[in-house]
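Here's the letter readout for the chains.
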Amino acid sequence: MEMKRILSGIKPTGAPHLGNYFGMMRPCIALQEQGEAFYFIADYHALTTVRDAADLRAHTRGVALDFLACGLDPARAVLFRQSDVPEHTELAWILSCVTPMPMLENCHAYKDHVAKDRTPNHGLFAYPVLMAADILLYDSNVVPVGRDQKQHVEVTRDLASLMNRLYAKSAPIFTVPEASILPNVATVIGLDGQKMSKSYNNTIPLFEDEKPLRKKIMGIVTDSTPVESPKDPAGSTIVALYRLFASDAEVAKLEEDFRAGGTGYGDFKKRLFDALWEFFRPMREKRAALAADPGHVEKVLHDGAQRARAVAVRTMERVRAAVGLR
Ligand code: TYM
């Protein structure tokens, strides 16, 4: 059987958070054992919102460090910076020439923007086309993502099929990919109970310092049930987040203590903090070691760019020939 190609990306728009970790980074790391994996830092995508060059560079390095600290193994998976492979933008242009406008008008990031009366830039509108290029360039079979990216993978599938219909002679030009979404972590919730997202300002970053992190956890929004009263674990943000780190038995115990009454939300938040802090301890130590070697991340990304580009260049030869660009 042929090796599966696994591919996913993450935007360097800030510090990776629990949603990114459970929805994408951890599944990506698990899948690196099961095929040829390509993971990239989507800096072209981040340009739709980030307006400060130093910020973009710092976030790009931060995402790479976090991913490596969490267990991405650069000997197995190719980790690269999207902009090191300019073929992504070339393929995006070719795809955009067959993309029906209504397909993009229907995409939620763009629709949300318009609904909020904000003027979207063209990059935001065309974003799903660039994402399709990212995926199709590597003949990807599996794309591990959170639920919010499902629609974008569907656009990718539509564009791959459309290109194959329009241009394929003997063999199809593109592989039609599948999203891989883990149901229990498809949408990790944030401090306020909404989906965890940098744009909602409700995130829990993986490697924040102890004090500010503790403060964030203590700031989780709860109802005003008094300490002595029983509390409902169903629908509690504390319980939902605790479930990410704790065993079934530990979750059952927390739920029992909720129902029993006599414990305040502050104490439950402390338990959540301790579980989270312990969970990331080994990764935090690894991150500190990696960060102490400033050349390491650059070397990994440079290496990754060469391995990614070798594949991308070959795909583009095939695509250019198919559409008549030479
Ligand atoms: P981004 O940077 O917003 O998020 C990276 C990954 O994290 C997942 N995620 C979540 N999962 C569960 N719960 C949450 N609260 C949560 N928040 C974020 C996202 O679903 C995503 O998988 N467009 C992509 C980046 C991208 C990409 C690609 C992904 C560009 N090209 C090609 C796959 C293939 C994005 O903005 O992800």
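From a predicted model like this one, the values you see are computed outputs, not experimental measurements. Along each chain, the written sequence defines residue order, and numbers are assigned to residues from 1. Two thresholds apply to this predicted model, a pLDDT of at least 70 for residue-level local features and 80 or more for giving and counting side-chain atom pairs, whereas whole-chain, interface and lining totals are computed over all residues. Based on all heavy atoms of the structure, the side-chain values leave hydrogens and waters out of the count.

Visitor: Sorry, what's going on with the nonpolar core here?
Guide: Proteins that are soluble and globular tend to have nonpolar side chains buried together. For the purposes of this section, nonpolar cores are sets of buried Ala, Val, Leu, Ile, Met, Phe, Trp, Tyr and Cys residues that join through side-chain atoms within 4.5 Å. A 1.4 Å probe rolled over the protein chains alone gives each residue an accessible area, and that area as a share of the maximum for its type sets the label: buried under 20%, exposed over 50%, partly exposed in between. Counting residues in each nonpolar core, the largest one holds 57 residues, and the members touching the most others are Leu18, Tyr39 and Phe67. Only DSSP runs of H or I covering at least 4 residues are called helices, and only runs of E covering at least 2 are called strands; the numbering of each starts at the N terminus. Among the elements that make up this core, the one with the highest residue count is helix α1 (residues 18-31) (eight residues). Domain start and end points were adopted from an automatic or database domain assignment. Among the domains, domain 1 (5-188 + 294-323) and domain 2 (208-279) are the pair contributing at least three residues each to this core. Beyond its immediate stretch of four places on either side in the chain, Phe67 contacts Ile10, Met24, Met25, Cys28, Ile29, Tyr39, Leu72 and Leu79. We call two residues in contact when some of their heavy atoms are within 4.5 Å.

Visitor: Would you mind going over the site of the ligand with me for this structure?
Guide: In the vicinity of the ligand there are 28 residues, among which Lys11, Tyr127, Asp134, Asp148 and Val188 approach most closely. Under the convention used here, a 1.4 Å probe and the Shrake-Rupley method define accessible areas, while residue burial counts only the protein chains that appear. About the coverage of the ligand: the protein hides 96% of its 710 Å² of free accessible area. Taken together, the elements giving at least two residues each to the shell around the ligand come down to β1 (5-10), α1 and α7 (122-136). The residue inventory of the shell around the ligand, partitioned by class, reads 14 nonpolar, ten polar and four charged. Being near a molecule or strand, for a residue, means having at least one of its heavy atoms within 4 Å of it. In this classification, the charged set is Asp, Glu, Lys and Arg, the nonpolar set is Ala, Val, Leu, Ile, Met, Phe, Trp, Tyr, Cys and Pro, and all remaining amino acids, among them Gly, are polar.

Visitor: Could you clarify how one ought to interpret the pairing of strand β2 (residues 36-41) in this entry?
Guide: The two faces of a sheet get side chains in turn, since along a regular strand they alternate between them. Burial analysis of β2 places five of its six residues in the buried class, the great majority of the element. Judged from the six bridges that link them, β1 and β2 form a sheet pairing that is parallel. Within β2, the position partnered with Arg5 by the bridge is Glu36. Here four bridges tie β2 to strand β3 (residues 78-81), and the two strands are oriented parallel to one another. Considered in β3, the bridge of Phe40 is made with Phe80. DSSP calls a pair of strands paired once it identifies at least 2 bridges connecting them.

Visitor: Would you explain helix α4 (residues 87-96) in this entry?
Guide: For the α-helix, the turn length of 3.6 residues means that residues three or four positions removed from each other point alike. Three or more residues of α4 are buried, namely Glu87, His88, Leu91, Ala92, Ile94 and Leu95. An end-on view of α4 places all buried positions within 165 degrees of arc, on one side of the element. Looking at the buried residues of α4, the elements they touch are α2 (43-46), β3, α7, α8 (150-167) and α14 (294-323). Starting at the helix axis, one direction is taken to each C-beta atom, and the arc is that of these directions.

Visitor: Can you walk me through the state of the cysteines in this structure?
Guide: In protein structure, a disulfide is the covalent linkage between the sulfur atoms of two cysteines. In this description, the term disulfide denotes a pair of cysteine sulfurs within 2.5 Å. Counted according to the given criterion, the structure contains zero disulfides. The cysteine Cys70 is free of any disulfide, with Cys28 supplying the nearest cysteine sulfur at 11 Å. Take Cys70: its relative accessible area is 10%, and that puts it in the buried class. Note on Cys97: no disulfide assigned, nearest cysteine sulfur contributed by Cys107 at a separation of 17 Å.

Visitor: Explain helix α11 (residues 248-260) here, please?
Guide: Between its terminal C-alpha atoms α11 stretches 18 Å, which fits the 18 Å expected from 13 residues at 1.5 Å a residue. Every buried residue of α11 is accounted for by Val251, Leu254, Glu255, Asp257 and Phe258. Looking straight down α11, one finds its buried side chains confined to an arc of 160 degrees; they lie on one side. More than 90 degrees from the buried face of α11, the exposed residues found are Asp248, Ala249, Arg259 and Ala260. If you follow the buried residues of α11, they end up packed against α10 (237-242) and α12 (265-279). Gly261 sits one or two residues past α11 and shows a positive phi near 75 degrees. Multiplying one less than the number of residues by 1.5 Å gives the expected span of a helix.

Visitor: Help me understand the packing of aromatic side chains in this model?
Guide: Ring pairs (aromatic) are described by centroid distance and by the angle formed between their planes. Only rings of Phe, Tyr and Trp enter the pairing, Trp through its six-membered ring, and a pair is recorded when the two centres are within 6.5 Å. The plane angle decides the type: under 30 degrees is stacked, over 60 is edge-to-face, the rest tilted. One pass over the structure, following the stated rule, counts 17 aromatic pairs. Between Tyr39 and Phe67, the aromatic rings sit 6.0 Å apart at their centres with planes inclined by 15 degrees, giving stacked as the arrangement. Of this pair, Tyr39 sits in strand β2 while Phe67 sits in helix α3 (residues 53-69); the two residues are 28 residues apart in sequence, bridging distant segments of the chain. Each member of the pair, Tyr39 as well as Phe67, carries the same accessibility label: buried. Ring centres 4.3 Å apart and planes at 25 degrees place the aromatic pair Phe258 and Phe268 in the stacked group. Residue Phe258 is located in helix α11, and its partner Phe268 is located in helix α12; the two are separated by ten residues in the primary sequence. The class of Phe258 is buried, set by a relative accessible area of 0%. Relative accessible area serves as the criterion here: at 0%, Phe268 is assigned to the buried category. Among the aromatic residues, those joined into a ring-pair cluster are Tyr21, Phe22, Phe207, Phe245, Phe279 and Phe280. Consider the ring centre and the ring normal. A charge sits over the ring if Lys NZ or Arg CZ is within 6 Å of that centre and within 35 degrees of that normal. Over the aromatic face of Tyr265 sits the side chain of Lys231, whose NZ or CZ is 5.7 Å from the ring centroid. Over the ring of Trp277 we find Arg284; its NZ or CZ atom is 3.4 Å from the centre of that ring.

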